[in-house]
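Analysis of the macromolecular model
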Amino acid sequence: MPDTKKFFENLSGAGKCVAVLTSGGDAQGMNGAVRAVVRMGIYVGAKVYLIHEGYQGMVDGGDNIKEATWESVSSMLQVGGTFIGSARCAEFRTHDGRLRAAQNLVKRGITNLCVIGGDGSLTGANLFREEWSGLLEELVQSGKIDEAAAQAHSVLHIVGMVGSIDNDFCGTDMTIGTDSALHRIIEVVDAIMTTAQSHQRTFVLEVMGRHCGYLALVSALACGADWVFIPELPPEDGWEDLMCQKLSENRADKKRLNIIIVAEGAIDSSNKAISTDYVKDLVVRCLGFDTRVTILGHVQRGGTPSAFDRILASRMGVEAVLALLEASPGTPACVVSLCGNQAVRLPLMECVQMTQEVQKAMDEKKFEEAVRLRGRSFENNLNTYKLLSHRKSDSELPHNGVENSKQGPCRSPFTVAVLNVGAPAAGMNAAVRSAVRVGITEGHKMLAVNDGFEGFSKGQIKEIKWGDVGGWTGQGGSLLGTKRTLPLKKLDKIAEQIRIHNINALLVIGGFEAYLGLLELLAARVSHEEFCVPMVMVPATVSNNIPGSDLSIGADTALNAITDTCDRIKQSASGTKRRVFIIETMGGYCGYLASVGGLAAGADAAYIYEEPFDIRDLQANVEHLTAKMKTSIQRGLVLRNENSNDNYTTDFIYQLYSEEGKGVFDCRKNVLGHMQQGGAPSPFDRNFGTKIAAKAMQWISKRLREFYREDEGRVFANTEDSACLLGMRRRALLFQPVIQLKDETDFEHRIPKEQWWLKLRPLMKILAKYKTSYDVSDSGQLEHVVRLRAKDTDNSTI
């Protein structure tokens, strides 16, 4: 079979000039994108220019357009905002302004433009591109440039990256800055919840987002808010009474606080704005609750970018340069975006047009259409929120078609058990809460198993109700308790407990032990009929080493712990002499945390088990770092996965770097340890855990109905596809029979045989100035914006 891999070494930037600018509202992560464009551009041999102050700098020219060096973007990855400045520019909207901008670009030989901003900035860039040949003609006629210059710069290539905290741009699941804004919101909400709890208060919070409710919706999901107002789903008439009734019920259920989140563009069904003050006055008037308003404002734009935004920005920046290198005169302006876990290129104006259609649909009160146009990520969030937000009374619960001869259709008799297995991971509790509430909504009796399979064998099982999981989303660790014990030696006792409690399905949330445990239960079906029930596993481990899933609950929180610590460690050396830090991360034999953490923290090297290294590699790294340290670069960062090599330990690497770096830099080492497992879950992990567990419970409900044997009055499931793992693969959430994943697993080292993130490693090396090979097989295809139909959301991304 021919090798279909394509490497970017064939793409040369020699003789090309690339310029990068940030425009519109700032967003955390923009600096990471600028850094990636500059370094990738220089790496391929192009000249790269920084345009300061957005389009205004392009119009004004002069010192606003400066050639960038490798060091120009050093230590910028962890800085929020945009260091090259951003400005709203009225002049660029005029023909004369664009004429001056064109002259300034031609003067420097720039024909490749990378624009980081929102839909307005990108629309402006596309107009500039369309007018380009006309603008050059005018410049020739007025004698400002000669004919040869016009010929040499006849085509302007544009690539956009969406930098906006609002996540209001169609065609991408996440825009640069959105995840960091969610971090700011959740930090505030978590802090407010402790004071609200003390005084039994209700808090009404306003979050940003203009006419898009993404931030409000996801933060409501991530903190378990009582009510949320978003522009895409205006409340029906009479919402005031419904909201007050819900707040009142929650208080009666011993809940000491209420959180209401209002998007700044929230409207009612008559398109009338809903303000935080109106909501506060309503709660005070109708319920008499002590109520406070907090408007988060520009806090959401500030602060350091999250690990997700740094990685997203770095990936997008590199992809943007590749897109510019591959562009031909007929290539339309494109935007690089994220779909599931993949970087994709989409025609810029298709995305802009769809974004504008959302607003049009909302103006025309076609709200369902607006939600669909927002994309599958938004629609999934909304559906999950609806599923979890309203507790159904017994009369509202669904019938599953099982008949009771005396009473007719009766409430679902199914019993579902939930347990955590393996090491604790942040986000497990959000997943359990979601599973419990969706299960109750589906009409099942939900049982909580404490302490994993060990607790299961001992009968540590009790019913868990709706109110029992209140406030769980923001809690780290595992509130159910979790152990690494595998079920093999306790099969008889576990089978007995399944009989005693009449358990019809199992939901296992955990790491590699959960996967092994499910395989053991599946194999035991031959000898124990009790295990012939639907079983599903949701991956939750900081190591992100589960076959069948690109991501696990808890890995994002661990990455943020690593990047935060690396930032602090690097800062500790500021003002001192040149210093290199050797940092050890967790992950077992899986190098995900070291590699992706290295990309997010701007590491110079990351040593992992999956990419064997020897003393020559270590020596080359030391020499490379020594050469860098002789320039203006002050600090170096080297990450090592805990099991990367038996002999080249963290101590060995520390001593090697200390010895070889004498006279140029000194060395420090740090073992991060269990802090990577602790702490409050990140917004991504809360959201991912909530959505993936909800989807798993819906699968269980469907399977229970399929496998119910009416004549025997029991559930009997003995097929391969009745024991599945729900994982994220590229762009979709997929249920995969665990038995089929065995061939994909390296059981000795507890890792998948193929891991997607290994493709990101060359990015880290390129951005650290190493010559390397980078597989761009997945890049280069310009796709089209897909319009969702209702059924398309079944396997959609998170």
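Residues numbered from 1 in each chain as written. Predicted model: local features only at pLDDT ≥ 70, side-chain atom pairs only at ≥ 80, totals over all residues. Heavy atoms only, no water.

**Some thoughts on the overall build of the protein chain**
As a reminder of what qualifies: Helical segments are the DSSP runs of H or I of at least four residues, strand segments are the runs of E of at least two, and each set is numbered from the N terminus. Using C-alpha atoms as the atom set, the radius of gyration is obtained and then compared with a globule rule of 2.2 Å times the number of residues to the power 0.38. Exposure classes here rest on a 1.4 Å probe applied to the protein chains alone. A residue is buried below 20% of its type maximum, exposed above 50%, and partly exposed in between. By definition in these notes, contact holds between two residues if any of their heavy atoms fall within 4.5 Å. His is not counted, nor are the chain ends; Lys and Arg add positive charge and Asp and Glu add negative charge. Note on charges: their place is set at NZ of Lys, CZ of Arg, CG of Asp or CD of Glu.
Looking only at helices and strands, the protein chain features 24 helices and 29 strands. In terms of C-alpha radius of gyration, the protein chain reaches 28 Å, essentially the compact-globule figure of 28 Å for 798 residues. Here the protein chain, with 798 residues, has 61% of them falling under the buried criterion. Taking the intrachain contacts of the protein chain between residues at least 6 apart in sequence as the baseline, contacts between residues at least 24 apart amount to 79%. With 90 positive and 95 negative side-chain charges, the protein chain shows a spacing of 3 Å between the two charge centroids.

**A word on the sheet that holds strand β22 (residues 635–641)**
Where we set the bar: Whether two strands pair depends on DSSP finding at least two bridges between them. For helices, the fitted line uses only the C-alpha atoms of the stretch in contact; every axis is such a line through C-alpha atoms, and the angle between N-to-C directions lies from 0 to 180 degrees.
Taken in spatial order, the 4 strands of this open sheet run β21-β22-β20-β23, and their pairing is parallel. Either end of the sheet is taken by a strand with one partner, and the two such strands are β21 (605–607) and β23 (666–671). Along the sheet, successive strands turn relative to each other by an average axial angle of 20°, direction set aside. Pairing of strand β20 (residues 579–585) with β22, which is carried by 7 bridges, proceeds in the parallel orientation. Counterpart to Val580 in the pairing with β22 is Gly636. Strands in contact with helix α18 (residues 555–572) are β20, β22 and β23; relative to β20, the strand with the most contacts, it is inclined by about 155°.

**Looking at the packing of aromatic side chains**
Just so we agree on the cut-off: Stacked, edge-to-face and tilted labels apply to pairs of Phe, Tyr and Trp rings (six-membered ring for Trp) whose centres lie within 6.5 Å, assigned for plane angles under 30 degrees, over 60, and everything in between, in that order.
Throughout the structure, instances matching the rule amount to 18 aromatic pairs. With a centroid separation of 5.3 Å and an interplanar angle of 15°, the aromatic rings of Trp699 and Phe735 are classed as stacked. Taken together, the positions of Trp699 in helix α22 (residues 683–707) and Phe735 in strand β27 (residues 732–737) put the pair 36 residues apart, joining distant regions of the chain. Residue classification places Trp699 among the buried positions, given a relative accessible area of 8%. Aromatic ring contacts, followed pair by pair, group Tyr55, Phe92, Phe128 and Trp132 into a single cluster.

**Focus: unusual backbone geometry**
Phi at Lys365 takes a positive value of approximately 60°, unusual for a residue other than glycine. A positive phi angle, close to 55°, is found at Arg750, a residue other than glycine. Counting through the fold element by element, Arg750 comes out in the loop between β28 (745–746) and β29 (751–752).

**Regarding empty space enclosed by the protein**
Spelled out, the test is: Of the two site types, the cavity is a set of points on a 1 Å grid over the protein atoms alone where a 1.4 Å probe fits but cannot get out, and the pocket is an open set with protein on both sides within 12 Å along at least five of seven lines, each lined by residues with an atom within 4 Å of a point. Grid points are joined across faces, edges and corners, and a volume is the space filled by probe spheres set on the points. Gly counts as polar in this scheme, as do all residues outside two lists: the nonpolar Ala, Val, Leu, Ile, Met, Phe, Trp, Tyr, Cys and Pro, and the charged Asp, Glu, Lys and Arg.
The tally for this structure, following the rule as stated, stands at 2 cavities of 30 Å³ or more. Taken as a whole, the second largest cavity holds about 40 Å³ of empty space. Forming the boundary of the second largest cavity are Met161, Val162, Thr172, Met174, Thr175, Ile176, Leu312, Met316, Val336 and Ser337. Breaking the lining of the second largest cavity down by element, the ones donating at least two residues are β5 (157–162), α10 (307–326) and β10 (334–339). By residue class, the composition of the lining of the second largest cavity is 7 nonpolar, 3 polar and no charged.

**Points about the sheet that holds β5**
The mixed open sheet is built from 7 strands, whose spatial order is β3-β2-β1-β4-β5-β10-β11. What marks the edges here is a single partner per strand, and that holds for β3 (65–67) and β11 (342–347). Each neighbouring strand pair of the sheet contributes to a mean axis angle of 25°, computed without reference to strand direction. Strand direction decides the pairing type here: strand β1 (residues 17–22) and strand β4 (residues 112–117), joined by 5 bridges, are parallel. Note that in β4 the partner of Val18 across the bridge is Asn112.

**Observations regarding the pairing of strand β26 (residues 723–729)**
With 6 of its 7 residues buried, β26 lies for the most part within the structure. Both strand β19 (residues 535–539) and β26 contribute to a ladder of 3 bridges, which runs parallel. Opposite Met537, over in β26, you have Leu725 as the bridge partner. Note that β26 and β27 share 6 bridges and pair antiparallel. Residue pairing across strands places Cys724 opposite Pro737, the latter belonging to β27. Taking the residues between adjacent antiparallel strands as the criterion, β26 and β27 are bridged by 2 residues, where Arg730 takes a positive phi near 50°.

**Comments concerning the pattern of salt bridges**
To keep things clear, this is the line we draw: Note on definitions: salt bridges are taken to be side-chain nitrogens of Lys or Arg within 4 Å of carboxyl oxygens of Asp or Glu.
Throughout the structure, instances matching the rule amount to 38 salt bridges. Residue Lys628 pairs with Asp604 through a salt bridge whose shortest N-O separation is 2.5 Å. Taken as a pair, Lys628 in helix α20 (residues 615–629) and Asp604 in the loop between α19 (592–601) and β21 lie far apart in primary sequence, 24 residues in all. Relative accessible area serves as the criterion here: at 6%, Asp604 is assigned to the buried category. Here Arg729 makes a salt bridge to Glu744, at a shortest N to O gap of 2.6 Å. Here Arg729 is found in strand β26, whereas its partner Glu744 is found in the loop between α23 (738–741) and β28, with 15 residues between them in sequence. Relative accessible area serves as the criterion here: at 27%, Arg729 is assigned to the partly exposed category. Under the relative-accessibility criterion, Glu744 is labelled partly exposed at 31%. Three or more residues are tied together by salt bridges with common partners; here these are Asp119, Asp166, Asp168 and Arg210.

**Section: the side chain of Thr175**
To keep things clear, this is the line we draw: Distance and chemistry together define a polar contact, namely a pair of N or O atoms within 3.5 Å, with one atom able to donate a hydrogen and the other to accept it when in protein, and with adjacent residues in sequence counting only for side-chain atoms on both sides.
Structurally, the position occupied by Thr175 is in the loop between β5 and α6 (178–199). Owing to a relative accessible area of 1%, Thr175 belongs among the buried residues under this scheme. One polar contact links the side chain of Thr175 to the main-chain carbonyl oxygen of Ser164, over a distance of 2.5 Å. Every residue in contact with Thr175, bar those within four places of it in the chain, is listed here: Val162, Ser164, Asn167, Phe169, Asp309 and Leu312.

**Here we look at a negative patch on the surface**
We apply this condition: Like-charged residues are merged into a patch within 9 Å and nonpolar side chains (Val, Leu, Ile, Met, Phe, Trp, Tyr) within 5 Å, provided each residue has over 30% relative accessible area and no salt bridge. The Shrake-Rupley method, run with a 1.4 Å probe, gives the accessible areas here. Residue values count only the displayed protein chains as cover.
A contiguous patch of negative charge on the surface is contributed by Glu137, Glu138, Asp146 and Glu147. Looking at the secondary structure, you find Glu138 in helix α4 (residues 119–141).

**Focus on the state of the cysteines**
So the rule is basically this: Note on disulfides: each one is a pair of cysteine sulfur atoms within 2.5 Å.
Considering all chains together, one arrives at 0 disulfides under this definition. Residue Cys212 stays outside any disulfide, its sulfur separated by 8.5 Å from that of Cys170, the closest cysteine. On the basis of relative accessible area, Cys212 is assigned to the buried category, the value being 1%.

**A few points about the nonpolar core**
Side chains that are nonpolar tend, in soluble globular proteins, to be buried together. Applied cut-off: What makes a nonpolar core is a set of buried Ala, Val, Leu, Ile, Met, Phe, Trp, Tyr and Cys residues whose side-chain atoms join them at distances within 4.5 Å.
Counting 153 residues, the largest nonpolar core has Met161, Ile259, Ile261, Leu507, Ile509, Tyr592 and Ile700 as its most contacted members. At 13 residues, the largest contribution of residues to this core is made by α10. By size, the runner-up hydrophobic cluster in this structure holds 41 residues, among which are Ile51, Leu122, Ala333 and Val335.

**Here we look at the layout of surface pockets**
What the largest pocket holds in volume is close to 1300 Å³. What lines the largest pocket is a set of 43 residues, among which Asp226, Trp227, Lys246, Ser389 and His390 lie closest to the centre. Looking at the lining of the largest pocket, the elements that each hand over two or more residues are α6, α7 (214–223), β7 (227–229), α8 (239–252), α13 (376–389) and α14 (428–441). Here the lining of the largest pocket is composed, by residue class, of 19 nonpolar, 11 polar and 13 charged.

**Details of the packing of helix α11 (residues 348–363) against helix α12 (residues 367–374)**
To keep it simple, the criterion reads: Reported orientations rely on four angle classes, namely roughly parallel under 35 degrees, roughly antiparallel over 145, roughly perpendicular from 65 to 115, and oblique for the rest. Should the near helix be turned anticlockwise from the far one by less than a right angle, the crossing is left-handed, and should it be turned clockwise, the crossing is right-handed.
Contact geometry for α11 and α12: axes closest at 8 Å, N-to-C directions at 160°. On the basis of the axis angle, α11 is roughly antiparallel to α12. The two elements α11 and α12 cross, and the hand of that crossing is left-handed. For the pair formed by α11 and α12, the contact residues are Met354, Glu357, Val358, Ala361 and Met362 on the first element and Phe367, Glu369, Ala370, Leu373 and Arg374 on the second. Classifying every residue of the contact of α11 with α12 gives 7 nonpolar, no polar and 3 charged.

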